[in-house]
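The primary structure of each chain is shown beneath.
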Amino acid sequence: MAVFMDLNVPFLPDRSDLRSVVETAAHLGFSTIALNYVFEPTAKKKQEIPTPTPINELIDQLPMVQGRSRPIRVLNRLTVLMSDASHFRPNAPEYRCFDLLAVQPTSEKLFHAACMVYDIDIICVPMTEKLPFFFKRAPINGAIDRGVVFEVSYSAAIRDSTMRRYTIANAVSLMESCKGKSVILSSAAQKALELRGPYDVTNLALLFGLSDGDAKEAVSSTCRAALLHAETRRTASGIIYTTRSQREAPQGSEDGRFESSHLYRRYRCLCCVAIELQWNKVMMSESNTPSGLYYWIVIYA
Amino acid sequence: MVRLKSRYLLCEVNVSDRSQLLLLDDRAIMVAVKAAVARTHGDYGAAMCSIRFCVKYLNAHTGIVFLRFPKRCYKLLWSALPFITSIETRGQKIPCFLNCLHVGGTIRTCQKFLIRYNTQQLHRMLPKCKSEEEKQQVRKAILSCSLTESKEAFEEDSESEGEEEEEE
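Residues numbered from 1 in each chain as written. Chains lettered and ligands numbered in written order. Predicted model: local features only at pLDDT ≥ 70, side-chain atom pairs only at ≥ 80, totals over all residues. Heavy atoms only, no water.

Caption draft 1: Examining the overall build of chain B more closely. From N to C terminus, chain B includes five helices and five strands. For chain B, the succession of helices and strands along the chain, N to C, is β-α-β-β-α-β-β-α-α-α. Relative to its 168 residues, chain B shows a buried fraction of 51%. Of all intrachain contacts in chain B linking residues separated by at least 6 positions in sequence, the fraction that spans at least 24 positions is 71%. Accessible surface computed for chain B: about 8,600 Å², of which carbon and sulfur atoms make up 51%. (Helix = DSSP H or I, 4+ residues; strand = E, 2+ residues; numbered from the N terminus. Buried < 20%, exposed > 50% of the residue type's maximum accessible area, 1.4 Å probe, protein only. Contact = heavy atoms within 4.5 Å. Areas by Shrake-Rupley, 256 points an atom, 1.4 Å probe, with all protein chains shown as cover.)

Caption draft 2: Region of interest: the overall build of chain A. Check the secondary structure of chain A and you find ten helices and ten strands. Pairs at least 24 residues apart make up 69% of the contacts formed inside chain A by residues separated by at least 6 positions. Total accessible area on chain A is roughly 14,900 Å²; 52% of this is exposed by carbon and sulfur atoms.

Caption draft 3: Structural context of the environment of Ile87(B). All names here are of chain B. Mapped onto the elements of the fold, Ile-87 is located in strand E4 (residues 86-89). For the pair Ile-87 and Met-30, spaced 57 residues apart in sequence, the C-alpha to C-alpha distance is 9.5 Å. Setting aside residues up to four positions removed in sequence, Ile-87 forms contacts with Leu-24, Ala-28, Ile-29, Ala-32, Gln-92, Lys-93, Ile-94 and Cys-96.

Caption draft 4: Molecular detail of unusual backbone geometry. Backbone geometry at Lys179(A) places phi at a positive 55°, although glycine is not the residue there. With respect to the helices and strands, Lys179(A) occurs in the loop between helix H6 (161-178) and strand E7 (183-186). The exposure class of Lys179(A) is exposed, given its relative accessible area of 56%. Backbone geometry at Arg90(B) places phi at a positive 45°, although glycine is not the residue there. Structurally, Arg90(B) is set in the loop between E4 and strand E5 (92-104).

Caption draft 5: Highlighting the interface of chain B and chain A. Contacts between the two partners involve 24 residues from chain B, matched on the other side by 22 residues from chain A. The contact between chain B and chain A buries some 2,000 Å² in all, and 56% of this surface belongs to carbon and sulfur atoms. Taken together, chain B and chain A are joined by one salt bridge. Here Asp212(A) ties to Lys75(B) by a salt bridge, and the two come within 2.7 Å at their closest N and O atoms. Put simply, chain B and chain A have seven residue pairs in polar contact (both at pLDDT 80 or more) between them. (Buried area = accessible area lost by both parts, 1.4 Å probe. Salt bridge = Lys/Arg side-chain N within 4 Å of Asp/Glu carboxyl O. Polar contact = N/O pair within 3.5 Å; in protein donor to acceptor, adjacent residues only side chain to side chain.)

Caption draft 6: Structural detail: the sheet that holds strand E5 (residues 122-124) of chain A. Residue and element names in this part refer to chain A. Read from one edge of the open sheet, seven strands run E1-E2-E3-E4-E5-E6-E7, paired in parallel fashion. Taken across any chain shown, the strands that pair with only one partner, and hence form the sheet edges, are strand E1 (4-10) and E7. Shown here is a sheet whose adjacent strand axes are inclined to one another by a mean of 30°, direction ignored. On top of the sheet, H6 reaches strand E6 (149-153) and E7; it is set at about 160° to E6, its chief contact. (Pairing = 2+ DSSP bridges. Axes fitted to C-alpha atoms, helices over the stretch in contact; angles between N-to-C directions.)

Caption draft 7: Layout of the nonpolar core. All names here are of chain A. Residues Leu-78, Ile-120, Phe-150, Val-152, Leu-185 and Phe-208 are the most contacted members of the largest nonpolar core, which totals 70 residues. Tallying contributions element by element places helix H1 (residues 15-28) first for this core, with six residues. In this structure, Val-152 is in contact with Met-127, Ala-171, Leu-174, Met-175, Val-183, Ile-184, Leu-185, Ser-186 and Phe-208, ignoring residues within four places of it in sequence. (Core = buried A, V, L, I, M, F, W, Y, C linked by side-chain atoms within 4.5 Å.)

Caption draft 8: Structural context of the confidence of the model for chain B. Residue and element names in this part refer to chain B. With 86% of its residues at a pLDDT of at least 70, chain B reaches an overall mean of 80. Predicted confidence in chain B is weakest over helix H5 (residues 150-167), with a mean pLDDT of 47, and strongest over strand E3 (residues 64-70), with 89. Per-residue pLDDT stays below 50 along residues 156-168; that stretch engages in 31 contacts with residues further than four places along the chain or on separate chains. (pLDDT = per-residue confidence, 0-100.)

Caption draft 9: Highlighting the sheet that holds E5(B). Residue and element names in this part refer to chain B. Strand order in the open sheet made by the five strands is E2-E3-E1-E5-E4, with antiparallel pairing throughout. Where the open sheet ends on each side, the last strands, each with one partner, are strand E2 (54-59) and E4. Recorded for the sheet is a direction-independent mean angle of 35° between the axes of neighbouring strands. Across the face of the sheet, helix H3 (residues 107-125) comes into contact with strand E1 (6-15), E2, E3 and E5 while running at roughly 110° to E5.

Caption draft 10: Geometry of the pattern of salt bridges. Residue and element names in this part refer to chain A. In the structure shown here, the tally under the stated rule is six salt bridges over all chains. A salt bridge links Glu-23 to Arg-19; the shortest N-O distance between them is 3.0 Å. Here Arg-19 and Glu-23 lie together in helix H1, a separation of four residues that amounts to about one turn. One salt bridge in this structure joins Arg-159 and Glu-194, with 3.2 Å as the shortest N-O distance. Here the residue Arg-159 occupies a position in helix H5 (residues 155-159), and Glu-194 occupies one in the loop between E7 and helix H7 (198-204), the gap between them amounting to 35 residues. Owing to a relative accessible area of 42%, Arg-159 belongs among the partly exposed residues under this scheme.

Caption draft 11: Up close: the side chain of Asp200(A). The residue Asp200(A) is located in helix H7 in this model. Here Asp200(A) occupies a buried position and makes no salt bridge, while the nearest side chain of opposite charge, Arg196(A), is found at 6.2 Å. Those residues in contact with Asp200(A), other than ones at most four positions away along the chain, are Trp78(B), Pro82(B), Leu98(B), Asn99(B) and Cys100(B). (Lys, Arg positive; Asp, Glu negative; His and termini not counted.)

Laid out in structure tokens, this is it:
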């Protein structure tokens, strides 16, 4: 069974609020959450893209996930609110600090571009207003083929009745076009009390027009697919991937090959991608330098 | 003989301040659920909710609630539960949310699950204990919960958990 994830928890400047949200998420059984930084470019003045604060500076000790003996995993995500095509700068170095990259387009043209062209992981569908455009089948199919996912957040629906109508209407019209595939459900909860448990979210998705199976995938495996997509984005076209092991060089370890389980997981992720894309061979090598151990993973296309 | 089938939802009431849980009673939860269903699903929902819906059990210490819904429409009624944001009781409004832990066909399966769940909670609590005495108490509570002495253990277990949490 795949683990549950909530890929949109807004970053709150107040530490104790943030802490209580993270603790509640762990208590409800979410294994991974993504702290969301929103960037809204305006035409008048140039703005700084926010930089993510490392999670160990925000919270001293991450809470344990309900039912598992592992602390919760916290990622960083950037959402760009786009009202103009110039707002998204591909290959901006600032984007590289984030684990996930999302855009929220406000016009049909931008939506089309986001689905077909931009190198992103998540497209947010606005939930707090009437949909400014209709969803067309072609760009949505393009997005599904590229592995980009659509996000529906439910906390606006919890807040008040008008938002609930917009959320359900927008979500249903999205599901009609994408047939329930590659959709993720996330909270966007400003307070700890706006989070909901994974099973409740799954059942809530029935109102959004998802079937049982699709709804469960929307909180688990589609989120994982989005994370894997993000990993390939961060590498050189998903072909070569280098990482530095956190520890010092290994000293006569027994298996020797994978020092940290973290690295091993990444290697396996990449292998999965390689199989999916029908690459022929995946090779992993390591080089020992004075500054630490480097692993090289080379995938022959 | 065919029995009337129901679904039992085992829910946990999550509040920010745990002492407020003691204010809860069956009636308040029933009213809150009915109001949420009527708000989300209108008259149809309210009608479905009036058939065999009841609050079977409430543990005010741990905030565990059993809800009984008729089987044919439990999904519809369940989909209204996330929209509960507060429960009004004794003139106070408690901001809270319901988190569904388990859906069962009989009370017995829910009870089995609840015992397992509460044991898990005690395990989570163990590293947080401050003094050795508290630790011993939690350990004893963990050992005492089993299914053979089901009803008593069940009561004891949830009671002791409530106490532990108050101590912290």
